[in-house]
Amino acid sequence: MSALQSPARGRAGGFADWVGAAAQRRRAVTEAFVDTFASWGYEYLATPLVEPLETVAAGVGGGLQTQLFRFMDADGSLLALVGERTVSVARVVATQLQGSPSPLRLCYAGPVLFNRAPLGGRRREAMQAGCELIGHPGLAADAECIAVAAAALERAGIAGVQIDVGHADFVPSLLDSANLDAASRARVAAALHQRDLVAVEEALRGTEAGDAERELLLAFPTLRGGREILDTAGARITGPRPRRVLADLAELWTVLDRHGITASVHLDLGAVRDWDYYTGPTFELFSADLGWPLGTGGRYDRLLEAFGAGAPATGFVLHVDRCCDALLRGTGENGGASVLRLGYAPEQAREAVVVASRLRGAGLAVALDLEASVQRPGELLGDGRAHLDGGGLRWRLRDREGGGLDALLAACVEDAR
Amino acid sequence: MNGGLRIALPAGALFEDACRLLVAAGVAEIDPARLDRQLSLVTRLATVVKVRPTDVPVYVEMGACDAGIVGKDILWESPRDCYELVDLRFGACRLVLAAPEGSPLTRGSFPRSLRAATKYPVAARRYFDSVGLAVELIKLHGSVELAPAMGLADCVVDITATGRTLTANHLVEVAEAGRSTARLISNQASLKTRSGAVNQLAAALRRTVTDGEVSSGSPPSAGRGRSAP
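The structure presented is a predicted model; accordingly, all values stated were derived computationally and were not measured. (Residues numbered from 1 in each chain as written. Chains lettered and ligands numbered in written order. Predicted model: local features only at pLDDT ≥ 70, side-chain atom pairs only at ≥ 80, totals over all residues. Heavy atoms only, no water.)

All right, on to the overall build of chain A then. Each helix and strand in chain A was counted, giving 14 helices and 16 strands. Across its three principal directions, the C-alpha atoms of chain A cover 90 × 60 × 45 Å. A total of 417 residues make up chain A; the buried ones form 49% of that total. Considering only contacts in chain A between residues 6 or more positions apart, those separated by 24 or more positions represent 69%. If you sum the accessible surface of chain A, you get close to 19,800 Å²; carbon and sulfur atoms cover 52% of it. Distance between charge centres in chain A, computed from 42 positive and 52 negative side chains, equals 4 Å. (Helix = DSSP H or I, 4+ residues; strand = E, 2+ residues; numbered from the N terminus. Buried < 20%, exposed > 50% of the residue type's maximum accessible area, 1.4 Å probe, protein only. Contact = heavy atoms within 4.5 Å. Areas by Shrake-Rupley, 256 points an atom, 1.4 Å probe, with all protein chains shown as cover. Lys, Arg positive; Asp, Glu negative; His and termini not counted. Charge placed at Lys NZ, Arg CZ, Asp CG, Glu CD.)

Following this line, the structure appears as structure tokens:
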């Protein structure tokens, strides 16, 4: 008997294998994102999958902290698998990149993990790609991040993206100017965080909240629209802090307009995000084809302080797997990569290696048969197959592969002569 | 999307009232008997599907439906990333702590160690934590009222609309641990990408339940609450 146990044939729940067209799509989307980031001047960096628990805990999403895979290091300290990567980038900025010329433009792509119950339909491993723009406090930086995110989704072929732009301080400033006692304020804030508008209404009932603020807090999901919504809200608000937020968003809109993307931007005053983490403009990207945001971002001026190197920062993350889902639902297209399988007669074995190499040089994916074969004249080739013999190169492409490949192969044959 | 919004309705106690509400609000022409047979119905204004109550938040969170109607009691147990938009006021019921007649609990005396049987472990835990009681919870899937009689638990935390089931099983309400009514929930992306339609739905349902209360003095549901066996 072997001492080895036979391996399990199943997977851990909530994890996926990526095979065939799905794997190609996931890689292509990731590459489209990182290529876009690079073309905007964002430098790629790679950080570990494992970080000290307290480092990971400093990142976004208090609720996510209970969903981390944790384990113990040899010295007894606690480690976690990363649930997002911004905090790792911040750690690098505060240490190895300390003193670099400002602003820093950095980008990354990699998996993140969540130890949430399987079977809920939510994956426990997800691919994320994102950018961080560190060292600039102005709205130009926030606008650039929104523009990069939109450009990346466009390059990956995701059409009809809607960008919802909000501000982390709008709802808190409204709460502060609403004349609420501390307990009511906490109840309203908690209800907003839980997206429970029924509870918001209950918590506001019987409080001293001013009419304008109460009305705005209750109208929360409808506080969305174009530039004009800022004037609508501005007419009802008197507090200096919420008014400053509206002014910021007006300026941000102007910069976004310069980037030419306001057609797909909605201002969302009711956006509720992690207030302890975000400090300025925030945004979410949606596709009509998917029930989840494709990406999220915003300004987080406090995070680097936690690493002892305070600096203003803004950034975003794109959820690669959700983007793949949106692509698949949008087009229904499920095309795999085209690989030309090249066979050859025994006498052409040497020449076949040269032809394959030349075709690869021209950008074609070529798999060379491992054994020679004989094709009788007139015998039909299979789809995506080519064959080389004394009579030259013959090929048969798949229907969806156009004339471009035909021309390429013809040129290659011409070259070989 | 053709057929308008996709709306998930809960099978069971809330189903007929939910259908009536959608009809009264002019959202969709639904014949409950027909939806009973075919599970999904495409109308001019909406696509309506009928699923298990616990599955409503799943359909909505995952974006398979834009919106759904579900009891708050279901949301207690499986918190999901959905927006809770409107209290629809029908299907009212309460979560109560109940103990057998003669139990010290009914006299307000709580023993140090207590075992409670419930179908609602999350809400029960939250209640016991809020009143500072250390209780061992036993999760059951049905007939919770039986547990004290058979010595499985000292008390139960269960949903009641009329109290009849409790009485029939010689249980006495000790405290209220929560109140539930039907809620309109929506997918987080649908609220942004189909905001016009979702907000219209919310406004229409809100108007209908409010008007119903004004005109008749009670929510627009004849068979209010859950039917006790």
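Moving on, we get to the packing of helix 7 (residues 197-204) of chain A against helix 8 (residues 211-218) of chain A. All names here are of chain A. At their nearest, the axes of helix 7 and helix 8 sit 10 Å apart, and the two run at 165° to each other. Of the possible angle classes, the one that applies to helix 7 and helix 8 is roughly antiparallel. Two packed elements cross with a definite hand, and for helix 7 against helix 8 that hand is left-handed. Counting all contacts with helix 7, which are made through V200, E201 and L204, the residues of helix 8 involved are R214, L217 and L218. (Axes fitted to C-alpha atoms, helices over the stretch in contact; angles between N-to-C directions. Parallel < 35°, antiparallel > 145°, perpendicular 65-115°, else oblique. Left-handed = near helix turned anticlockwise from the far one by under 90°.)

All names here are of chain A. Packing of helix 4 (residues 139-155) against helix 10 (residues 240-258) brings their axes to within 9 Å, and their N-to-C directions diverge by 55°. Compared by their axis directions, helix 4 and helix 10 come out oblique. As for the relative orientation of helix 4 and helix 10, their crossing is right-handed in sense. Contacts between helix 4 and helix 10 involve L139, A140, D142, A143 and I146 from the first element and D248, E251, L252, V255 and L256 from the second. Residue classes in the contact of helix 4 with helix 10 are distributed as seven nonpolar, no polar and three charged. (Nonpolar A, V, L, I, M, F, W, Y, C, P; charged D, E, K, R; others polar.)

A separate point is the domain arrangement of chain B. How big an interface is tends to be reported as the loss of accessible area on association of its parts. Residue and element names in this part refer to chain B. Here the domain parsing of chain B yields domain 1 (5-91 + 181-211) and domain 2 (93-179). Once you take the C-alpha centre of each, domain 1 and domain 2 turn out to be 30 Å apart. On the side of domain 2, eleven residues touch domain 1, which itself brings six residues to the contact. The junction of domain 1 with domain 2 conceals about 700 Å² of combined surface from both sides, 56% of it contributed by carbon and sulfur atoms. Together, D73, W76 and E77 form the three largest contributors to the area buried by domain 1 at its contact with domain 2, with a combined 81%. In this assembly, domain 1 and domain 2 are joined by zero salt bridges. Summed over the shared surface of domain 1 and domain 2, the number is four residue pairs in polar contact (both at pLDDT 80 or more). Looking at the side of domain 1 that touches domain 2 residue by residue, the classes come out as one nonpolar, two polar and three charged. (Domains from an automatic or database assignment. Buried area = accessible area lost by both parts, 1.4 Å probe. Salt bridge = Lys/Arg side-chain N within 4 Å of Asp/Glu carboxyl O. Polar contact = N/O pair within 3.5 Å; in protein donor to acceptor, adjacent residues only side chain to side chain.)

This part is about the side chain of Q348 of chain A. Residues and elements named next belong to chain A. Looking at where Q348 falls in the secondary structure, it is placed in the loop between strand 13 (340-344) and helix 13 (349-361). A polar contact is formed between the side chain of Q348 and the backbone nitrogen of G390, at a distance of 3.4 Å. Not counting residues within four places of it along the chain, the set of residues in contact with Q348 comprises L388, D389 and G390.

Now for the nonpolar core. The biggest cluster of nonpolar side chains holds 108 residues, and the ones touching the most others in it are F33 and F37 of chain A together with L9 of chain B. In terms of residue count, the dominant contributor to this core is helix 4 of chain A (eleven residues). Those residues in contact with F33 of chain A, other than ones at most four positions away along the chain, are A129, A152, L153, A156, L318, V320 and C323 of chain A. In terms of nonpolar packing, the next biggest core, distinct from the first, is built from 21 residues, A94, I134, L304 and A309 of chain A among them. (Core = buried A, V, L, I, M, F, W, Y, C linked by side-chain atoms within 4.5 Å.)

In this section: the pairing of strand 12 (residues 313-319) of chain A. Residues and elements named next belong to chain A. Taken across its seven residues, strand 12 has seven buried, putting it largely inside the fold. Judged by which residues are buried, strand 12 turns out to be covered on both faces: A313, G315, V317 and H319 on one side and T314, F316 and L318 on the other are all buried. Two elements, strand 6 (residues 125-134) and strand 12, share seven bridges in a ladder whose sense is antiparallel. Directly across from L133, in strand 12, lies its bridge partner T314. Of the pairings in the sheet, the one linking strand 11 (residues 295-299) to strand 12 comprises five bridges and is antiparallel in character. (Pairing = 2+ DSSP bridges.)

With that settled, the discussion passes to the environment of V92 of chain A. Residue and element names in this part refer to chain A. Along the polypeptide, V92 turns up in helix 3 (residues 86-94). Taking the C-alpha atoms as reference points, V92 and T47, 45 residues apart in sequence, are found 8.3 Å from one another. If we skip the residues at most four places from it in the chain, V92 touches L45, T47 and L97.

Residue and element names in this part refer to chain A. With antiparallel pairing, three strands are arranged side by side in an open sheet as 2-4-3. Each end of this open sheet is capped by a strand with a single partner; those strands are strand 2 (50-52) and strand 3 (70-72). Between one strand and the next, the sheet's axes are offset by a mean angle of 35°, whatever the strand orientation.

Residue and element names in this part refer to chain B. Chain-level pLDDT for chain B is 87 on average; 91% of the residues reach the 70-or-more range. Taken element by element, chain B is modelled with least confidence in helix 2 (residues 32-38), mean pLDDT 77, and with most confidence in strand 4 (residues 67-71), mean pLDDT 97. Contacts of residues 214-229 to residues separated by more than four positions or lying in other chains number 24 contacts, the stretch itself having pLDDT below 50. The ipTM for the predicted assembly is 0.78, set against a pTM of 0.84. (pLDDT = per-residue confidence, 0-100.)

Another point: the packing of aromatic side chains. Residues and elements named next belong to chain A. Under the definition given, this model contains six aromatic pairs over all chains. An angle of 40° between the planes, with centres 6.3 Å apart, marks the rings of F15 and F69 as tilted. Within this pair, whereas F15 is found in the segment before helix 1 (20-39), its partner F69 is found in the loop between helix 2 (53-57) and strand 3, the two being separated by 54 residues in sequence. Centre to centre, the rings of Y277 and Y278 are 5.0 Å apart; their planes meet at 85°, and the pair counts as edge-to-face. In terms of burial, Y277 and Y278 fall into one category: buried. One aromatic cluster is present, built from ring pairs that chain together F37, F283 and F316. (Phe/Tyr/Trp six-rings, centres within 6.5 Å; stacked < 30°, edge-to-face > 60°.)

It is possible for side chains of opposite charge to pair when their charged atoms get near one another. Considering all chains together, one arrives at 32 salt bridges over all chains under this definition. Note that D196 of chain A and K72 of chain B form a salt bridge whose closest N and O atoms lie 3.0 Å from each other. With one member in each of two chains, D196 of chain A in the loop between helix 6 (182-193) and helix 7 and K72 of chain B in helix 4 (residues 72-77) form a pair that bridges those chains. K72 of chain B matches D196 of chain A in its accessibility class, with the two residues each being buried.

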